[in-house]
Amino acid sequence: MMINKSLFLTYLYLLIYILLSSGVILYNKWVLSPKYFSFPFPITLTMIHMGFSGAVAFFLVRVFKVVAPVKMTFEIYATCVVPISAFFASSLWFGNTAYLHISVAFIQMLKALMPVATLIMAVLCGTDKLRWDVLLNMLLVSVGVVISSYGEIHFNVIGTLYQVTGIFAEALRLVLTQVLLQKKGLSLNPITSLYYIAPCSFAFLFVPWYLLEKSNMEVSQIQFNFWIFFSNALCALALNLSIFLVIGRTGAVTIRVAGVLKDWILIALSTVIFPESAITGLNIIGYAIALCGVVMYNYIKVRDVKASQLPPESIPERLTKEWKLEKKSSDNNISDEDNTRNSSRFSSMSDSAVDEEAPLMASSRLSYIARSQLNSRDT
């Protein structure tokens, strides 16, 4: 029986993504943990990732021209890329610091809070509205995480605060990406994202690194192992490239399912690789409750997208009606400003009619909720 090549490649890319995502998280934990490689400098490790990824992205964009840069003005860079980079750097900093205090399994359980954090930030920024069905799901997720935390054997307040802070910083970055970049018509794939954001994130990390880690590194006896850090940064870069492949071949629902599967695999692997991170029955029960809330939330979001879709033939009809109404109300005197507004309305209508279930091409935009499930602190 012949295997469909396209389907085979899709599952292969998903497998690569799951393996790389799990591998990067476990590798970071091994490098930072005082019981193993013992390099307790999470900001330094994050700066190595950003510096390496930014350099490779520069060569891919400017030298080898694998992908083309977007039209980036100084105004867009200052008002969009800079704040997004600041929160991206913060989420990586706090997320990696959590590895010093809590287990990988518990970190993955806390990451179930990502939809809650994203919804809160979206409501505060005015990009989403609070609804009772969504609120109940978020309450279910929160209760599950609380139960899981209560069942954690080695519960650490500092590590938990670091991880939760990193989750909210990542959620704000995702919302800002939607508000700032997408409203300006910019679409960044993982390579161009690294090209613009990684150097800026590196610069933001320099300040806390200088204040918090530089002096400790000077007096520590840790030897810099080039191959350890090079391979670690290479894995982080490969993860970003695998995300590029996965987004290009799958839909948002598939990505969400892959993310949930990855979390379960990672929790199981972490207990084998790091025996001190034992999990309890209460951990599993709490996480299962939280996942039920996440799955129901994803279902609601996909259902809303389908409900908001219009049949293809109705779009021109609706545009014609709006144009006639505007023409009548303006007494046949339409200015250039009105034309621009009509164009932007058409663009926003087209965006709202995108089917998240349909295969996404590499150049397509992925909703920020889907990206949160895919990108939630893999690096």
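See the structure above.
The rules behind each value
Residues numbered from 1 in each chain as written. Predicted model: local features only at pLDDT ≥ 70, side-chain atom pairs only at ≥ 80, totals over all residues. Heavy atoms only, no water. Salt bridge = Lys/Arg side-chain N within 4 Å of Asp/Glu carboxyl O. Helix = DSSP H or I, 4+ residues; strand = E, 2+ residues; numbered from the N terminus. Buried < 20%, exposed > 50% of the residue type's maximum accessible area, 1.4 Å probe, protein only. Phe/Tyr/Trp six-rings, centres within 6.5 Å; stacked < 30°, edge-to-face > 60°. Contact = heavy atoms within 4.5 Å.

## Topic: the pattern of salt bridges
Scanning the model with the defined rule gives six salt bridges in all. Between aspartate 304 and arginine 131 there is a salt bridge, and its shortest N-O distance comes to 2.5 Å. Of this pair, aspartate 304 sits in helix α11 (residues 281-307) while arginine 131 sits in the loop between α5 (114-125) and α6 (132-150), and the two are 173 residues apart along the sequence. Classification of aspartate 304 as partly exposed rests on a relative accessible area of 24%. In this structure, aspartate 263 engages lysine 262 in a salt bridge whose closest nitrogen and oxygen atoms are separated by 3.7 Å. Like aspartate 263, the residue lysine 262 is buried in the burial classification. One network of salt bridges, with partners in common, ties together Arg131, Asp133, Arg303 and Asp304.

## So, the packing of aromatic side chains
Summed over all chains, the structure comprises 19 aromatic pairs. Relative to phenylalanine 230, the ring of tryptophan 227 lies with its centre 6.1 Å away and its plane at 85 degrees, an arrangement referred to as edge-to-face. Here tryptophan 227 and its partner phenylalanine 230 are both found in helix α9 (residues 226-249), three residues apart, which amounts to about one turn of the helix. What links up through ring pairs into an aromatic cluster is the set Tyr27, Trp30, Phe37, Phe39, Phe41 and Phe229.

## With respect to the side chain of threonine 46
Structurally, threonine 46 can be placed in helix α2 (residues 42-63). When its relative accessible area of 1% is taken as the criterion, threonine 46 is described as buried. Setting aside chain neighbours within four positions, we find threonine 46 in contact with Leu92, Trp93, Asn96 and Leu205.

## Here we look at the side chain of arginine 173
Position of arginine 173 relative to the elements: it lies in helix α7 (residues 157-181). Arginine 173 has contacts with Ile84, Phe87 and Phe88, leaving out every residue within four places of it along the chain.

Remember, this is a structural readout, not a statement about activity or role.
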